[in-house]
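# Coordinate analysis (summary)
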Amino acid sequence: GAVVSQHPSRVICKSGTSVKIECRSLDFQATTMFWYRQFPKQSLMLMATSNEGSKATYEQGVEKDKFLINHASLTLSTLTVTSAHPEDSSFYICSARDSRALEQYFGPGTRLTVT
Amino acid sequence: GEDVEQSLFLSVREGDSSVINCTYTDSSSTYLYWYKQEPGAGLQLLTYIFSNMDMKQDQRLTVLLNKKDKHLSLRIADTQTGDSAIYFCAESIGGSQGNLIFGKGTKLSVKP
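Figured I'd write up the structure that's included with this text. (Residues numbered from 1 in each chain as written. Chains lettered and ligands numbered in written order. Predicted model: local features only at pLDDT ≥ 70, side-chain atom pairs only at ≥ 80, totals over all residues. Heavy atoms only, no water.)

The next subject is the environment of D65(A). Note that D65(A) resides in the loop between β6 (57-58) and β7 (67-73). For the pair formed by D65(A) and T82(A), sequence separation is 17 residues and the distance between their alpha carbons is 7.8 Å. (Helix = DSSP H or I, 4+ residues; strand = E, 2+ residues; numbered from the N terminus.)

Right, let's get into the nonpolar core. W35(A), F67(A), L79(A), Y92(A) and L112(A) are the most contacted members of the largest nonpolar core, which has 24 residues in total. For this core, the elements supplying multiple residues, two or more each, are β2 (10-13), β3 (19-25), β4 (32-38), β5 (44-51), β7, β8 (76-81), β9 (90-97) and β11 (110-114) of chain A. Excluding residues that lie within four positions of it along the chain, L79(A) makes contacts with V19(A), K20(A), I21(A), W35(A), F67(A), L68(A), I69(A) and Y92(A). With 20 residues, the next largest nonpolar core counts I20(B), L61(B), L74(B) and Y87(B) among its residues. (Core = buried A, V, L, I, M, F, W, Y, C linked by side-chain atoms within 4.5 Å. Buried < 20%, exposed > 50% of the residue type's maximum accessible area, 1.4 Å probe, protein only. Contact = heavy atoms within 4.5 Å.)

What follows covers the packing of aromatic side chains. When we look at a pair of aromatic rings, we describe it by the centre distance and by the angle of the planes. If you walk through the whole model with that rule in mind, you get 13 aromatic pairs over all chains. Ring centres of F106(A) and Y35(B) lie 4.9 Å apart, and the angle between their planes is 80°; on these two criteria the pair is classed as edge-to-face. Of this pair, F106(A) sits in strand β10 (residues 105-106) while Y35(B) sits in strand β4 (residues 31-37), placing the two residues on different chains. Accessibility classification places F106(A) together with Y35(B) in one group, the buried group. (Phe/Tyr/Trp six-rings, centres within 6.5 Å; stacked < 30°, edge-to-face > 60°.)

Here the focus is the interface of chain A and chain B. Contact residues are listed per partner, giving 20 residues for chain A and 19 residues for chain B. Linking chain A with chain B are zero salt bridges. The interface formed by chain A and chain B contains five residue pairs in polar contact (both at pLDDT 80 or more). Mapped onto the side of chain A that touches chain B, the elements with two or more residues apiece are β4, β5 and β9 of chain A. Looking at the side of chain A that touches chain B, the element that brings in the most residues is β4(A), giving four residues. A class-by-class count of the residues in the side of chain A that touches chain B yields nine nonpolar, eight polar and three charged. (Salt bridge = Lys/Arg side-chain N within 4 Å of Asp/Glu carboxyl O. Polar contact = N/O pair within 3.5 Å; in protein donor to acceptor, adjacent residues only side chain to side chain. Nonpolar A, V, L, I, M, F, W, Y, C, P; charged D, E, K, R; others polar.)

Glancing now at the sheet that holds strand β7 (residues 61-66) of chain B. Residues and elements named next belong to chain B. Strand order in the open sheet made by the five strands is β1-β3-β8-β7-β6, with antiparallel pairing throughout. This sheet does not close on itself; its edge strands, each paired only once, are β1 (4-6) and β6 (55-58). Strand after strand, the sheet turns through a mean of 15° between neighbouring axes, direction not considered. Relative to strand β8 (residues 71-76), β7 is paired through six bridges, and the arrangement is antiparallel. Among the inter-strand pairings, L65 is bridged to a residue of β8, identified as L72. (Pairing = 2+ DSSP bridges. Axes fitted to C-alpha atoms, helices over the stretch in contact; angles between N-to-C directions.)

The next subject is the environment of D58(B). All names here are of chain B. Tracing the backbone through its elements, the reader meets D58 in strand β6. The class for D58 is partly exposed, based on a relative accessible area of 37%. For the pair D58 and L46, spaced 12 residues apart in sequence, the C-alpha separation works out to 9.2 Å.

What follows is about the pairing of β2(A). Residue and element names in this part refer to chain A. Judged by which residues are buried, β2 turns out to be one-sided: V11 and C13 face inward and are buried, whereas R10 and I12, on the alternate face, are not. As defined by bridge partners, β2 adjoins β11 across four bridges and the pair is classed as parallel. The residue bridging I12 from the neighbouring strand is T113, located in β11.

One number sums up the size of the largest pocket: a volume of about 510 Å³. Surrounding the largest pocket, 21 residues form its lining, Q38(A), K41(A), Q37(B), I86(B) and K107(B) being those nearest its centre. The element that contributes the greatest number of residues to the lining of the largest pocket is strand β9 (residues 85-92) of chain B, accounting for three residues. Across the lining of the largest pocket, the residue classes break down as nine nonpolar, seven polar and five charged. Of the volumes computed, that of the second largest pocket is approximately 430 Å³. In terms of lining, the second largest pocket is formed by 19 residues, of which the most central are L44(A), M45(A), L46(A), I101(B) and F102(B). Only β5 of chain A together with β1 and β10 (100-102) of chain B provide two or more residues apiece to the lining of the second largest pocket. Grouping the constituent residues of the lining of the second largest pocket by class yields nine nonpolar, five polar and five charged. (1 Å grid on protein atoms, 1.4 Å probe; cavity = no way out; pocket = protein on both sides within 12 Å on 5 of 7 lines; lining within 4 Å. Points joined across faces, edges and corners; volume = space filled by probe spheres on them.)

As C-alpha cells, this is what we get:
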C-alpha cells in the first residue's frame, strides 16, 4: 500500500515557540492532504484539508493563524503550530489521498508536547 | 450533524471471533471505513465498503453494512493477540473527495 511519512515522530518544545511537522507521500502524488488531531482516548478530529497549490480549508473552530498549513508540492505538506501552548500538546496525524483513489493513507503521527 | 458511534471496549479470547459495531447518522455517506491503530502509531486502513454493498469479506475480516439502520460491523475471525488495537469506524461524506468522520474507536483486547 501507499506510504506516508511524518517528521518528527515526537517533539517537545517550550511554550511560545513554533513547531513544524512534515507530512510526505513517499510513493504517490497526494493531491489532497488532511491534518488530524487526536486527544488521548478520543477520536481523530479533522483540522484542515489542503489541496496542492491552494490555501487550506480549515474546520470550524481551528485557528488558521495558529495552525499554518502549506501544501507546496504533490508529496509534501507541512503543519506549523505557532506560538505553541501546553493545550496544543496532542498527537497530530496527517493523511494523503491520490485524486484517483478512495483511500486516505495515514502517516504514523507526531506526538507534540509543549512544556 | 454527522456522528459516528462505537462501543469503547471489547474483550475476547484468542481464537474467538470479534465483532465491532458502529452506527452513523449521515445517510448520504458514500464509503465507510475501518482503521486499526496500534499504540503510539498512526492509522492503518483495514478495509472499506461502498454504501451500495451489504457485505465485504477480506481474509479474516468481514464487513457488514445495514444501510437502513445505518449500522456497520467488523468481524475478525480467529482473533489473535496481534489484533489487539483500537479500531476506528469512519464515514466519508461528500463523495470520494469527502472528509472522514471518525468514531471514538473501540479498544479490542485479546486474551490468550
